[in-house]
Amino acid sequence: MADDALSILQTAKKPAYAVGAPLREYLVRWGREAELPVTYKDLTAFSEAAPLHDSAGRDTLWESVIYPREQMHALHHGLKEIYALMQAEGTLSVMDYLIVDRIDYCTFGNSNPFRIRIVNPYNDNFDHFYVKKADASRIYGLELEHLLSPNRLHFLTCNETLVEEHIAGIPGDVFIHRWLQDPNVSSVRLAKELVKFNERCFVRLLGDMRAYNFVVVLVPDFEGVQVRIRAMDFDQQSYNGRLRFYLPQFFKDNRPLVDYCQKQLNSQTARQYQFEEQALIFRRAETERERISQLLSAMEVTTLATPEKVAQLGTELAEHHQDPRFAQAASMGSLVRENLLLMSRQFVERTGHTGPNPFHSGKT
């Protein structure tokens, strides 16, 4: 693959897009909207902040924040209640065994999140979750990941607040530096997962999957170590106008992984893995037909990018797929639907599958 194809694709800071009525209706219907005792705005009222460093003394770009003493008890109680809502379906008895150990704030990136560290003091086990400003792009990204990938995501919204679970794994850039040549990691399994991850991102137009925006999950198995690559940043769902922005293989940060993959797989095997992932995406959508239909319908009428970006991506996708329908799409949501429809039509042609297409809009 040519060096220029792997050049860095820079991204300007993305604006947040409002959660409109169609998306809000979706969130309410499918149990994503809840009354939360603490909002993003509540957390911005901290009185002090100190830089947070890692174990090696490096700046993490996060700050640990402190709140006025009179607010602390109610704030911590509310955060524990949110954790119980996400992880235990509201079983508040779990709060008796938890404490809020730390609240961190990040000024880097688009979402300026708060990270909450929850600890069980009896065994020092800990977990994290994040509180962010609600952004339609990110919510669509989270929900598409939940419905069309092998991963399930816990998140909640409340008006202008978004709460997400922590996605555990080895950050991609750390994995490349420390684990890529580890003999315990199957080279073929890693290469296969990279192809499948690349396909998942492209068919639903999730962008900016450079190394620090995904994690690698290693799971010991009876015959080696299983590998899963998971997106952990969804801010760039269907926002950029460049087609290559939605293919992780083209980011310079990911080049060591791409080179590694090309040494392990020939083009025929890589294509086989693409087909496998497309089949899995289709089957997942079939089991969530009604939910997918409502989500894509809401996405089609939601502004997620400028008209210029929509037109650019539509033109590039039309050329890539040799299909003029992409150039006629009026929104990023329409481009996502067209991409999924094309993938599913190809799946049906290969397999002879019968039955309604789960990505069809249902319009006559």
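Source: prediction; values computed, not measured.

Peer 1: Help me understand the overall build of the protein in this model?
Peer 2: Per the secondary structure count, the protein includes 11 helices and 10 strands. The globule rule puts the C-alpha radius of gyration for 364 residues at 21 Å, and the 21 Å found for the protein is close to it. Based on the C-alpha atoms only, the size of the protein along its principal axes is roughly 65 × 50 × 40 Å. A buried classification covers 49% of the 364 residues belonging to the protein.

Peer 1: Help me understand the packing of helix α8 (residues 267-287) against helix α11 (residues 332-351), please; the structure alone is not making it clear to me.
Peer 2: Axis angle and axis distance: for two packed helices, these are the angle between their axes and the distance between the axes, and together they describe the pair. Relative orientation of the contacting elements α8 and α11 amounts to 105°, with a least axis distance of 10 Å. Considering their axes alone, α8 and α11 lie roughly perpendicular with respect to each other. In this structure, α8 contributes Phe275, Gln278, Ala279, Ile281, Phe282 and Arg283 to the contact, and α11 contributes Met343, Ser344, Phe347, Val348 and Arg350.

Peer 1: Looking at this structure, how should I read the pairing of strand β9 (residues 214-221)?
Peer 2: Within a regular beta strand, the side chains point alternately toward one face of the sheet and then the other, so they alternate between its two faces. Pairing of strand β8 (residues 170-171) with β9 involves two bridges; the strand directions are antiparallel. When the sheet's bridge partners are listed, Pro171 is paired in β9 with Val215. In this sheet, strand β10 (residues 224-231) lies alongside β9 in antiparallel orientation, the contact comprising eight bridges. Within β10, the position partnered with Val219 by the bridge is Gln226.

Peer 1: I would appreciate a short explanation of the side chain of Glu199 in the present structure.
Peer 2: Tracing the backbone through its elements, the reader meets Glu199 in helix α6 (residues 187-203). Buried within the structure, Glu199 lacks any salt-bridge partner; Arg271 is the closest side chain of opposite charge, at an N-O distance of 5.4 Å. Of the polar contacts made by the side chain of Glu199, one reaches the side chain of Gln278; its length is 2.7 Å. Among all residues touching Glu199, those that are not within four sequence positions of it are Gln274, Glu277 and Gln278.

Peer 1: Before we go on, may I ask you to explain the sheet that holds strand β3 (residues 99-106) in this structure?
Peer 2: Hydrogen bonding along the main chain pairs the strands of a sheet, whether they run parallel or antiparallel. In spatial order, the strands read β1-β2-β3-β4-β5-β7-β6; together these seven strands make up an open sheet with antiparallel pairing. If you trace the sheet from one side to the other, it starts and ends with β1 (48-53) and β6 (155-158), each paired once. Taking the axes of each pair of neighbouring strands and ignoring which way they run, one obtains an average angle of 30° across the sheet. Direction of pairing for strand β2 (residues 59-66) relative to β3: antiparallel, over a ladder of three bridges. Along β3, the bridge assignment pairs Ser64 with Asp104. Contacts from helix α3 (residues 69-87) reach β3, β4 (114-120), β5 (125-133), β6 and β7 (161-165) within the one sheet, and its direction differs from that of β3 by about 90°.

Peer 1: Help me out: how do you make sense of the packing of aromatic side chains in this one?
Peer 2: We describe a pair of aromatic rings using the distance from one ring centre to the other and the angle between the two ring planes. Enumeration over the complete set of coordinates arrives at 14 aromatic pairs. Centre to centre, the rings of Phe245 and Phe251 are 5.8 Å apart; their planes meet at 65°, and the pair counts as edge-to-face. Put simply, the rings of Tyr40, Phe46, Tyr67, Tyr105 and Phe114 touch in pairs and so form one group of aromatic residues. In this structure, Lys132 is placed above the aromatic ring of Tyr130, and the distance from its NZ or CZ to the ring centre is 5.5 Å.

Peer 1: Whenever I open this one, the pairing of β4 confuses me. Can you help?
Peer 2: With respect to burial, β4 is a largely interior element, seven of its seven residues being buried. In β4, alternate side chains face the same way, and those of Phe114, Ile116, Ile118 and Asn120 on one face and Arg115, Arg117 and Val119 on the other are all buried. Of the strand pairs in this sheet, β3 and β4 are connected by six bridges, and their pairing is antiparallel. Following the sheet pairing, Arg102 is matched in β4 by Arg117. The turn linking β4 back onto β5 is made up of four residues, and Asp124 within it adopts a positive phi angle of 65°.

Peer 1: Can you help me understand the pattern of salt bridges in this one?
Peer 2: Note that side chains of opposite charge can pair when their charged atoms are close. The full count for this structure, using the stated rule, is 27 salt bridges. With its nearest N and O atoms 4.0 Å apart, the salt bridge here joins Lys196 to Glu276. Linking Lys196 in helix α6 with Glu276 in helix α8, this pair joins segments that are 80 residues apart in sequence. Judged by relative accessible area, which is 9%, Lys196 ranks as buried. A salt bridge links Glu286 to Arg283; its shortest N-O distance comes to 3.3 Å.

Peer 1: Sorry, what's going on with the sheet that holds β8 here?
Peer 2: Taken in spatial order, the three strands of this open sheet run β8-β9-β10, and their pairing is antiparallel. For this open sheet the edge positions go to β8 and β10, each flanked by a neighbour on one side alone. Lying over the sheet, α6 contacts β9 and β10, oriented at roughly 20° with respect to β10.

Peer 1: For this particular structure, what's the right way to read unusual backbone geometry?
Peer 2: In most cases, non-glycine residues show a negative phi, while peptide bonds are predominantly trans. Look at Leu61: it is not a glycine, yet its phi comes out positive at around 70°. By the secondary structure assignment, Leu61 is in strand β2. Overall, Leu61 belongs to the partly exposed group, its relative accessible area being 45%. Residues other than glycine seldom take positive phi values, yet Asp124 does so here, at roughly 65°.

Peer 1: It is not clear to me how the nonpolar core should be interpreted in this structure. Could you clarify?
Peer 2: The tendency in soluble globular proteins is for nonpolar side chains to be buried side by side. Grouped together as the largest cluster of nonpolar side chains are 76 residues, with contacts concentrated most on Leu148, Leu335 and Phe359. For this core, the element with the most residues is α6, which contributes eight residues. The contact partners of Leu335, leaving out residues within four places of it in the chain, are Leu205, Val310, Leu313, Gly314, Leu317, Phe326 and Ala329.

The rules behind each value
- Residues numbered from 1 in each chain as written.
- Predicted model: local features only at pLDDT ≥ 70, side-chain atom pairs only at ≥ 80, totals over all residues.
- Heavy atoms only, no water.
- Helix = DSSP H or I, 4+ residues; strand = E, 2+ residues; numbered from the N terminus.
- Rg over C-alpha atoms; globule rule 2.2 N^0.38 Å.
- Buried < 20%, exposed > 50% of the residue type's maximum accessible area, 1.4 Å probe, protein only.
- Axes fitted to C-alpha atoms, helices over the stretch in contact; angles between N-to-C directions.
- Parallel < 35°, antiparallel > 145°, perpendicular 65-115°, else oblique.
- Contact = heavy atoms within 4.5 Å.
- Pairing = 2+ DSSP bridges.
- Lys, Arg positive; Asp, Glu negative; His and termini not counted.
- Salt bridge = Lys/Arg side-chain N within 4 Å of Asp/Glu carboxyl O.
- Polar contact = N/O pair within 3.5 Å; in protein donor to acceptor, adjacent residues only side chain to side chain.
- Phe/Tyr/Trp six-rings, centres within 6.5 Å; stacked < 30°, edge-to-face > 60°.
- Lys NZ or Arg CZ within 6 Å of the ring centre and 35° of its normal.
- Core = buried A, V, L, I, M, F, W, Y, C linked by side-chain atoms within 4.5 Å.

Geometric values such as these leave the question of function open.
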